[in-house]
Amino acid sequence: MRSPKLSTRPLAKTMSAQAQPVPATLHIRSRARRGNLLLDLPIGGRLTLGFLTAALIAALLVGTIGILRAQSLSRQTSFYQNLLHTNTSLTTGASFLQLMNTQTHLALDHAALPQPSQETLTTDQNAVKGLTTRYDTILTGYIAGDLLTKHVDEVALLAEADHTGQVTQQTTLAGSALRTWQVYRGAQAQILQDIAGGNLAVAQHLEQTQGEPTNADALSALRALILFDQRLAASVQDAASVEEQSQLYTTIIGSVLAFIAIVLVGWLISGTLVKRLKQLRNVTRAVEHGQLDARVTVVGRDEIADVSASVNAMLEAILGLFQQTRRQRDALTNAAEHLFSDMRVVSAGDLSINAVVSNDPIGMLANAFNFTVGRFRRFVLRTQIISEQLDVISRQELERSEVFVRALKNQRPASREAISSIRDGRASSGQLETTEKEQADLVAQIQRAREHLQHLTDEGITQQVRSVFAVAEQISHTLRRMSRALAVEAEAYSRSRTTTLETTRLHVQEVRALETLLPRLAVELQRLQQHSLQECRELDAELSSIATTTSALKLREAQPLEPLPNPSSQDIARLGSEFSSEIATMAGQLAVLVREMRTGIVAFQVETANNTLAEKPPSSNMLSMEGESALRPPAITTRPANR
Amino acid sequence: MNSRAFASEHHGTYQSSVRSKCSYLPILFIVCVLIGMLSGCAGSTTSSVDLSGHLLVVGSTALQPLASAAATLYQKQHPNVHIEVNGGGSLAGLQAVTSHKSDIGNSDVYADPAVYPDPNLTDHIVCVIPFTMITGPGVTITSLTRQQIIDIFSTGKIRNWEQVGGKNLPIVPVVRPNSSVTRATFRKYILEGRDENGVLLKTDSSTTVRDTVAHTPGAIGYLALSVLDASVHALAIDGKQATQENIAAGNYTFWGYEHMYTLGDDNILISSFLNFMLTPPVQQLAQKLSYIPVDAMKLSQIGLTGRGTGSLALTSFPVAESEGIRRAFS
């Protein structure tokens, strides 16, 4: 089944590793060169050629036999006609000879009469002379034209029956007839001369001694010739039978040869079809059994060659597809692994990772991942900056407040001195006490605000970030699963094409899981945002209360301090007013920061909401197609989030 | 899977059967061709069936030497055939063959249709026998004209060799008996029908004629060339000796056909022997025995032999006619 004739041809497009020895193929081709003219014909034409050749051979045979037969028949016919003609003329000649004898006798009788009539004698003489002339014409005509030696085809016909000797016999017999006739003619002329000369006795004697015997001789010789011609007819029949026999053998041998020739033609024609079809079938069977590198040797330019070439091309295409699928699978697996390692790095805390983006589904996922991570990184960075700023502000405020508290502590003995020195101003002292209390309250408030800030920067944010990390990890987990599923799918694809739909369905499920995870991430982020919002609000409230308290304190300080032109109280008032104004500006700064934060959080929330919305249609499209266009990242992710 | 395996197996057996058929076909063809060729050969070789039987040949003593020699040759080739050749003379031969006493009758003369009217009597000319004039002791003449011969034998005008330029010696013509066919030929072709006068012999034998002429001074006779020997002198006619060349060229007229008469041509053995008589070996033998093969005779020259006698007759014919005849012969 795996015949050695299966030659493997090098594939230009695909693997160079499978390049087979080219000379072998070339050798096969060169060896098959001789039948190329026939193989270049289309099958229909070839079959027509075969039938025409067979018909031509048969027609040639029939025609040759017919022509041979007709020729021999015509030869025989002409021979028979000749024989009939000469027989008739010779028989006439024989009767002439007899008549001559009779007429000579008659002339002698007439001359022997007592009173011979000269007229009768002349008539007799003329009659004999006329007969002589006639017979002479017949005999000379026969010798000149009817002898076998004058007819080459008749001699050939006799030669076929092995009767060549008859040609000589006929010539001899004709010679004898001629010789006897000449002798008789001489005797006859002598007799007539004697009669005319009146030597009747001499004439009569001559007739008796020479005329009659020579006449008998001439007649005998002529009869021999006639008999010979009759025998010749039998010889012709012999020759005809011999010729018929040879024709029979010619016919038999010719038919056998024609049969062989026709069968050979058929064999040749069918050989050009059957052998190559068998070869083609061998190749297809080999492919069926897994020998994908088997190829058909394409010889000629007919339909079989076309089919063979297209089978070869089909095998090439299948092999190419196979290789392409394998490469895609490998690429997908690679990308998935890369993404997975990136995710692991991100989950370990390094947000600076940027996954490699490509056009395949994994690339889309990586893009989405990058986008999410980038978003998150920016948010964390901003939050960090804000917390640092808040930290700095709170520290400054703490220093200021400590300075202020120290100043106030210094102020207390001074004010006590002032109280003790200025006893009259009780109300003012009482006012001072309330102011002091309010200031303490303020410090406490500031301390609370700072705590809030610290709270905001430390615990809440880290907690929220941790939960977001958890969600991100879940996403990465899902992605890993998906990549693994893709790898499995690629392998499965190589194994069987039927399971593609199922794996695609699995993909969709994964994507759906991802989809559910994304809202969760959004919810987490929302919670984080809400939490920070709440903190900020509290902070805001705290700060506003601080601001109102400070302003109130300022007003109150401004009133009692005016009537007290005490330099220390003046200092306090100046410090207090400075402090309060600083607090106010700080509060304003804080408010601005908080607003910034809020707006950042709000933008984040809106964008994540948009993200989830935008990602839905592609996921539904996943089922229908796997093309690049369907997996193009949503337009929103490409938009830079610089708000 | 099972069905497919079965199918392929089935296919395999089919293929092998086709292949075996293919290998049988050429052998079949070759056998056919061989049979055809063999039958063709057989058809051509069937003619050599061995002949067997007995043949009796009776007749002319002049032809007897050749007939005997040919019979011996023929029996060598066909051991199962026995041929008996007897003499007795031409007329005896014709009698024997017409009365079914012999298979072949040898004759120096034509069978007269009036005497032998059997239509089956078939003439076979096997060779030509030349005759020559001979002279006895004391004759110095080497050649005579035909007219001189006629004058010696028939008219009696010449009675002494002195009259024809020889010595003074009386001419003694030796004449054969009436039954001699050689005499008939002599009368027909030399004497032109005239009677002979001379010493009439009792028996018709060529050797008797030869011996008689050899022992009689001034004798003149005639015999077949085959019995000629040194005891007699051969005489030329019109200056021409009885050679094959002269006869074939038509310059010498004293010769005759040798006939073998049969009744019909049906017997394979007879026709085989008669054909054998005309084959080159026998014709060469005939030449050796002083006969002339039939092949040597030229038809156009035969026509000229009668010119001497015919010229007498043609004097009364229109010249144009004789010219036409002459042209026809040539």
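Residues numbered from 1 in each chain as written. Chains lettered and ligands numbered in written order. Predicted model: local features only at pLDDT ≥ 70, side-chain atom pairs only at ≥ 80, totals over all residues. Heavy atoms only, no water.

Participant: Help me understand the overall build of chain A, please; the structure alone is not making it clear to me.
Facilitator: Summing up its helical and strand segments, chain A has 13 helices and zero strands in all. Starting at the N terminus, the α and β elements of chain A follow one another as α-α-α-α-α-α-α-α-α-α-α-α-α. Within chain A, the proportion of its 643 residues that are buried is 43%. In chain A, of all internal contacts separated by at least 6 residues, the share reaching a separation of at least 24 is 81%. Summing over all exposed atoms, chain A offers an accessible surface of approximately 33900 Å²; the carbon and sulfur share of this is 59%. (Helix = DSSP H or I, 4+ residues; strand = E, 2+ residues; numbered from the N terminus. Buried < 20%, exposed > 50% of the residue type's maximum accessible area, 1.4 Å probe, protein only. Contact = heavy atoms within 4.5 Å. Areas by Shrake-Rupley, 256 points an atom, 1.4 Å probe, with all protein chains shown as cover.)

Participant: Looking at this structure, how should I read the overall build of chain B?
Facilitator: Secondary structure assignment for chain B yields twelve helices and eleven strands. Burial statistics for chain B: of 330 residues in total, 48% are counted as buried. When contacts within chain B are restricted to residue pairs at least 6 apart in sequence, those whose partners lie at least 24 apart make up 76%.

Participant: It is not clear to me how helix H6 (residues 206–215) of chain B should be interpreted in this structure. Could you clarify?
Facilitator: Given 3.6 residues per turn, any residue in an α-helix points the same way as the ones three and four places further on. All names here are of chain B. Every buried residue belonging to H6 is among Ser206, Val209, Arg210, Val213 and Ala214, and all of these are buried. Projection of H6 onto a plane perpendicular to its axis shows the buried side chains occupying an angular sector of 125 degrees, all on one side. Where H6 is buried, its residues contact strand E4 (121–135), strand E6 (172–175) and strand E8 (219–224). (Arc of directions from axis to C-beta.)

Participant: Any chance you could explain the packing of helix H6 (residues 165–197) of chain A against helix H7 (residues 200–288) of chain A here in plain terms?
Facilitator: A pair of packed helices can be characterised by two numbers: the angle between their axes and the separation between those axes. Residue and element names in this part refer to chain A. At a minimum axis separation of 8 Å, H6 and H7 run at an interaxial angle of 160 degrees. One finds that H6 runs roughly antiparallel with respect to H7. Note on packing geometry: the crossing formed by H6 with H7 is left-handed. Residue composition of the contact of H6 with H7, by class: 20 nonpolar, eleven polar and five charged. (Axes fitted to C-alpha atoms, helices over the stretch in contact; angles between N-to-C directions. Parallel < 35°, antiparallel > 145°, perpendicular 65-115°, else oblique. Left-handed = near helix turned anticlockwise from the far one by under 90°. Nonpolar A, V, L, I, M, F, W, Y, C, P; charged D, E, K, R; others polar.)

Participant: Looking at this structure, how should I read the nonpolar core?
Facilitator: Membership of the largest hydrophobic core comes to 108 residues, with the highest contact counts inside it found for Met133, Phe153, Met260 and Phe273 of chain B. Examining the composition of this core, we find that eleven residues originate from one element, H7 of chain A, more than from any other. The contact partners of Phe153 of chain B, leaving out residues within four places of it in the chain, are Met133, Pro173, Val174, Val175, Phe186, Leu191, Asp195, Glu196, Asn197, Ile220, Gly221 and Tyr222 of chain B. Ala336, Leu351, Ile475 and Val511 of chain A belong to the second largest nonpolar core, which has 29 residues in total. (Core = buried A, V, L, I, M, F, W, Y, C linked by side-chain atoms within 4.5 Å.)

Participant: Explain the environment of Leu173 of chain A here, please?
Facilitator: Relative to the helices and strands, Leu173 of chain A resides in helix H6. For the pair Leu173 of chain A and Arg223 of chain A, spaced 50 residues apart in the sequence, the C-alpha separation amounts to 9.7 Å. Those residues in contact with Leu173 of chain A that lie beyond four places of it in its chain are Ala224, Leu225 and Phe228 of chain A together with Asp123 and Ile125 of chain B.

Participant: I would appreciate a short explanation of H7 of chain A in the present structure.
Facilitator: Residues and elements named next belong to chain A. Across its 89 residues, H7 extends 124 Å between first and last C-alpha, which sits within 8% of the 132 Å expected from 1.5 Å per residue. In the structure, H7 departs most strongly from a straight axis at Glu207, where the bend amounts to approximately 45 degrees. A positive backbone phi angle near 105 degrees is found at Gly290, which sits one or two residues after H7. (Expected span 1.5 Å × (residues − 1). Bend = angle between axes of the 7 residues up to and from the residue.)

Participant: I'm lost on the pairing of E4 of chain B in this one. Help?
Facilitator: Within a regular beta strand, the side chains point alternately toward one face of the sheet and then the other, so they alternate between its two faces. Residue and element names in this part refer to chain B. Burial analysis of E4 places 15 of its 15 residues in the buried class, which makes it a mostly covered element. Where E4 lies against strand E11 (residues 292–293), two bridges are found, and the strand directions are antiparallel. Its bridge partner being in E11, Cys127 is matched across the sheet by Pro293. In the sheet, E4 pairs with E8 via five bridges, with the strands oriented antiparallel. In the strand pairing of E8, Met133 is matched with Tyr222. (Pairing = 2+ DSSP bridges.)

Participant: Which parts of the structure should I look at to understand the pattern of salt bridges?
Facilitator: Should their charged atoms come close, side chains of opposite charge can pair. All names here are of chain B. For the structure shown, the criterion picks out 15 salt bridges over all chains. Residue Arg210 is joined to Asp211 by a salt bridge in which the shortest nitrogen-to-oxygen separation is 3.8 Å. The partly exposed category is assigned to Asp211, whose relative accessible area is 34%. The partner of Asp229 in a salt bridge is Arg210, and the shortest N-O contact between them spans 3.4 Å. (Salt bridge = Lys/Arg side-chain N within 4 Å of Asp/Glu carboxyl O.)

Participant: Whenever I open this one, the side chain of Asn160 of chain B confuses me. Can you help?
Facilitator: All names here are of chain B. Within the element layout of this structure, Asn160 appears in the loop between helix H4 (146–155) and E6. From its side chain, Asn160 meets the backbone nitrogen of Glu162 in a polar contact 2.9 Å long. A polar side-chain atom of Asn160 sits 2.8 Å from the main-chain amide nitrogen of Leu169. Contacts of Asn160, omitting those with residues within four sequence positions, involve Lys167, Asn168, Leu169, Pro170 and Ile171. (Polar contact = N/O pair within 3.5 Å; in protein donor to acceptor, adjacent residues only side chain to side chain.)

Participant: For this particular structure, what's the right way to read unusual backbone geometry?
Facilitator: Negative phi values dominate among residues other than glycine, just as trans dominates among peptide bonds. Residues and elements named next belong to chain B. Of note, His100 is a non-glycine position whose phi angle comes to about 65 degrees, a positive value. Within the secondary structure layout, His100 lies in the loop between helix H3 (90–98) and strand E3 (104–107). Look at His100 and you get exposed, because its relative accessible area is 64%. Positive phi, close to 70 degrees, is recorded for Ser290, a residue that is not glycine.

Participant: How do you make sense of the confidence of the model for chain B when you look at a structure like this?
Facilitator: Reading fine detail from the predicted coordinates is not recommended where pLDDT is low. Residues and elements named next belong to chain B. Mean pLDDT over chain B: 77, with 75% of residues reaching 70 or higher. Contacts from residues 1–22, a stretch scored under 50 in pLDDT, to residues over four places away or in other chains number seven contacts. The low-confidence segment residues 41–48, where pLDDT is below 50, has two contacts with residues more than four positions distant or belonging to other chains. The complex prediction reports pTM at 0.57, with the ipTM value standing at 0.77. (pLDDT = per-residue confidence, 0-100.)

Participant: When you look at the packing of aromatic side chains in this model, what are you seeing that I'm missing?
Facilitator: To describe a pair of aromatic rings, you give the distance between the ring centres and the angle between the ring planes. For the coordinates displayed, the defined rule picks out eleven aromatic pairs over all chains. An aromatic cluster of three or more residues is present, and its members are Phe131, Phe153, Phe186, Tyr222 and Phe254 of chain B. Directly above the aromatic system of Tyr189 of chain B lies the positively charged group of Arg179 of chain A, at a separation of 3.9 Å from the ring centroid. Stacked on the ring of Trp255 of chain B, the Lys or Arg Arg179 of chain A has its end atom at 3.5 Å from the ring centre. (Phe/Tyr/Trp six-rings, centres within 6.5 Å; stacked < 30°, edge-to-face > 60°. Lys NZ or Arg CZ within 6 Å of the ring centre and 35° of its normal.)

Participant: How should the pairing of E6 of chain B be read in this particular structure?
Facilitator: Residue and element names in this part refer to chain B. Relative to E8, E6 runs parallel, the two sharing two bridges. Looking at E8, one finds that Pro173 is bridged to Ile220. One ladder, built from two bridges, connects E6 with strand E7 (residues 199–200); its direction is parallel. Bridging across to E7, Val174 finds its partner in Val199.

Participant: How should I be thinking about the packing of H7 of chain A against helix H8 (residues 303–348) of chain A in this particular structure?
Facilitator: All names here are of chain A. Where H7 meets H8, the closest approach of the two axes is 10 Å, and the angle between their N-to-C directions is 15 degrees. Relative to H8, H7 is oriented roughly parallel. Viewed along their axes, H7 and H8 form a crossing whose handedness is left-handed. Where H7 approaches H8, its residues Leu273, Arg276, Leu277, Leu280 and Val287 are matched on the opposing element by Ile304, Ala305, Val307, Ser308, Val311 and Leu315. In the contact of H7 with H8, the residues fall into nine nonpolar, one polar and one charged.

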